[in-house]
Amino acid sequence: MAALACYDKAALTPSAYKAKIISVAAGPLVLKRKNHSWRPVRENAPLEKFGYILGERIGEGPYSKIQLAYNPKEEEHAAVKVITKDKIPRKIFEKFIKREIYIMQQFQHPHIIGVNEVVESKNHIYIVMEYAQNGDLLQYVNQAGVLPEAEARRLFRQIIAAVKVLHEAKVVHRDIKLDNILLDEDNNVKLADFGFARLQYSYELSKTFCGSYAYAAPEILDGEDYDGKLADVWSLGVCLYGMLHGRVPFHEEDVDILRQSMDGEIHFNAGVTKECSDLIRSMLRVDRSQRVSLADIVASPWMTMPLVTIPEDDDHDDDLDSTWSIISRREPSEASGSVSNSTVSSQGVRIVEVN
């Protein structure tokens, strides 16, 4: 049976987020010639000691940039999040960055982005991660316009498999959106960006407004304390709707309009099946007491529809979760079309209160 996940249950405690970070000293300054001039540079950059050569920038955030790296010995690429220490407030570093690293280091799962190394130098922190070369799900949806239900179901099962493992380990993501769902070379899901993830026991509620407006649950927009698991379910509902429609389900001109539209009716394209629309409605219930759980999603009629035919001579466990963990060897979906003018968008992030 394929292993669903591996994580250290004993290590997952909220008392102290003790990330494993390797500290290295910078190499000596040497002069190197560039563009007809000599410039002082550090010899033996920190990551080169671990076999990685940094390359082009492939993304960036408020306190970091993402660079492509290559390991010649292993003949593999990696994505490196480079955090500049003097650009990030100490409170943010202690509360969010260390927690992000700690949580990511606890999981080994086919649909959660893996961390290879975390290296700290005098001025930077380098988080070396798996490289998902097919970009993110937002780009994939915008290129296709909308996804066929079968393809959306395949991807959504993988997303649910990842979130299910997190919730079982008492971890809530709190920033699930199409931008943070990456795709590997076979177009399989890799859930990423754990910057707002935290440990949450059943009796705890979160206070921090975090994530993107378009994917945020109504209780978050209302400024209420919230259950991170139910907030994740709401965000998952927005993601599924976005895959099938090429847009988010609610008006997002501003936060007030967005919140008001959540109380209205959800409209679906004509091709969306009743089983799928029923599932999405159940995930996007404003009343938290009526919103479905992750277990309800797993058991829903739409999710339990056959995905692929498994050959009889293959040795697969009958458990549904293990079936979901099988990495598809199929080529990327042939769903195509002109780029839609109505794209799935993500509003900016703000942090009101740290918790």
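Coordinates for the structure precede this section.
Residues numbered from 1 in each chain as written. Predicted model: local features only at pLDDT ≥ 70, side-chain atom pairs only at ≥ 80, totals over all residues. Heavy atoms only, no water.

Concerning the overall build of the protein
Within the protein, the secondary structure is distributed over 9 helices and 14 strands. A sequence separation of at least 24 residues applies to 69% of the contacts in the protein between residues at least 6 apart. Of the roughly 17800 Å² of accessible surface on the protein, 48% is carried by carbon and sulfur atoms. (Helix = DSSP H or I, 4+ residues; strand = E, 2+ residues; numbered from the N terminus. Contact = heavy atoms within 4.5 Å. Areas by Shrake-Rupley, 256 points an atom, 1.4 Å probe, with all protein chains shown as cover.)

So, the pairing of strand 5 (residues 53–60)
Direction of pairing for strand 5 relative to strand 6 (residues 64–71): antiparallel, over a ladder of 5 bridges. Along strand 6, the bridge assignment pairs glutamate 60 with lysine 65. The loop that links strand 5 with its antiparallel partner strand 6 comprises 3 residues. (Pairing = 2+ DSSP bridges.)

A word on the pattern of salt bridges
If you walk through the whole model with that rule in mind, you get 16 salt bridges. Two residues, lysine 98 and glutamate 94, come together in a salt bridge whose shortest N-O distance is 3.2 Å. Of this pair, lysine 98 and glutamate 94 are both found in helix 1 (residues 90–105), 4 residues apart, which corresponds to roughly one turn of the helix. With a relative accessible area of 26%, lysine 98 lands in the partly exposed category. The class for glutamate 94 is partly exposed, based on a relative accessible area of 35%. Here lysine 207 and aspartate 225 are joined by a salt bridge, their closest N and O atoms 3.0 Å apart. A residue pair is termed long-range when its members are at least 10 positions apart, and lysine 207 in the loop between strand 14 (198–199) and helix 4 (218–221) and aspartate 225 in the loop between helix 4 and helix 5 (228–245) qualify at 18 residues. By relative accessible area, which is 38% here, lysine 207 ends up partly exposed. Using a relative accessible area of 34% as the deciding quantity, one classes aspartate 225 as partly exposed. Several salt bridges converge on common partners, so that one network encompasses Arg90, Glu94 and Lys98. (Salt bridge = Lys/Arg side-chain N within 4 Å of Asp/Glu carboxyl O. Buried < 20%, exposed > 50% of the residue type's maximum accessible area, 1.4 Å probe, protein only.)

Notes on the pairing of strand 6
Where burial is concerned, most of strand 6 is hidden: 6 out of the 8 residues are buried. Where strand 6 meets strand 7 (residues 76–84), 8 bridges bridge the pair, whose relative direction is antiparallel. Note that in strand 7 the partner of serine 64 across the bridge is isoleucine 83. The turn linking strand 6 back onto strand 7 is made up of 4 residues, and glutamate 75 within it adopts a positive phi angle of 55 degrees.

Concerning the nonpolar core
Counting residues in hydrophobic clusters, the biggest one holds 82 residues, and the most contacted among them are Leu137, Phe156, Ile159, Leu236, Leu240, Met243 and Ile297. Residue contributions to this core peak at 10 residues, all from helix 5. Not counting residues within four places of it along the chain, the set of residues in contact with isoleucine 159 comprises Leu137, Ile181, Val189, Leu236 and Met243. Grouped together as the second largest cluster of nonpolar side chains are 9 residues, Tyr52, Ala69, Ala78 and Val82 included. (Core = buried A, V, L, I, M, F, W, Y, C linked by side-chain atoms within 4.5 Å.)

With respect to helix 1
With 16 residues, helix 1 should cover 22 Å at 1.5 Å per step; its first-to-last C-alpha distance of 21 Å lies within 8% of that length. Among all positions in helix 1, only Ile92, Phe93, Phe96, Ile97, Arg99, Glu100, Ile101, Tyr102, Ile103 and Met104 are buried. Along its buried surface, helix 1 packs onto strand 7, strand 8 (107–108), strand 9 (115–120), strand 10 (124–130), strand 11 (171–172) and strand 14. (Expected span 1.5 Å × (residues − 1).)

Examining unusual backbone geometry
With a phi close to 65 degrees, lysine 170 is a non-glycine residue in the positive phi region. At arginine 174, a position not held by glycine, the phi torsion is positive, near 70 degrees. One can find arginine 174 in the loop between strand 11 and strand 12 (181–183).

Brief notes about the packing of helix 5 against helix 7 (residues 274–283)
It is at 8 Å that the axes of helix 5 and helix 7 come closest, and there the two elements cross at 145 degrees. Remark: the crossing between helix 5 and helix 7 carries left-handed chirality. Across from Val233, Trp234, Leu236, Gly237, Leu240, Tyr241 and Leu244 in helix 5, the residues of helix 7 making contact are Cys276, Leu279, Ile280 and Met283. The residue inventory of the contact of helix 5 with helix 7, partitioned by class, reads 10 nonpolar, 1 polar and no charged. (Axes fitted to C-alpha atoms, helices over the stretch in contact; angles between N-to-C directions. Left-handed = near helix turned anticlockwise from the far one by under 90°. Nonpolar A, V, L, I, M, F, W, Y, C, P; charged D, E, K, R; others polar.)

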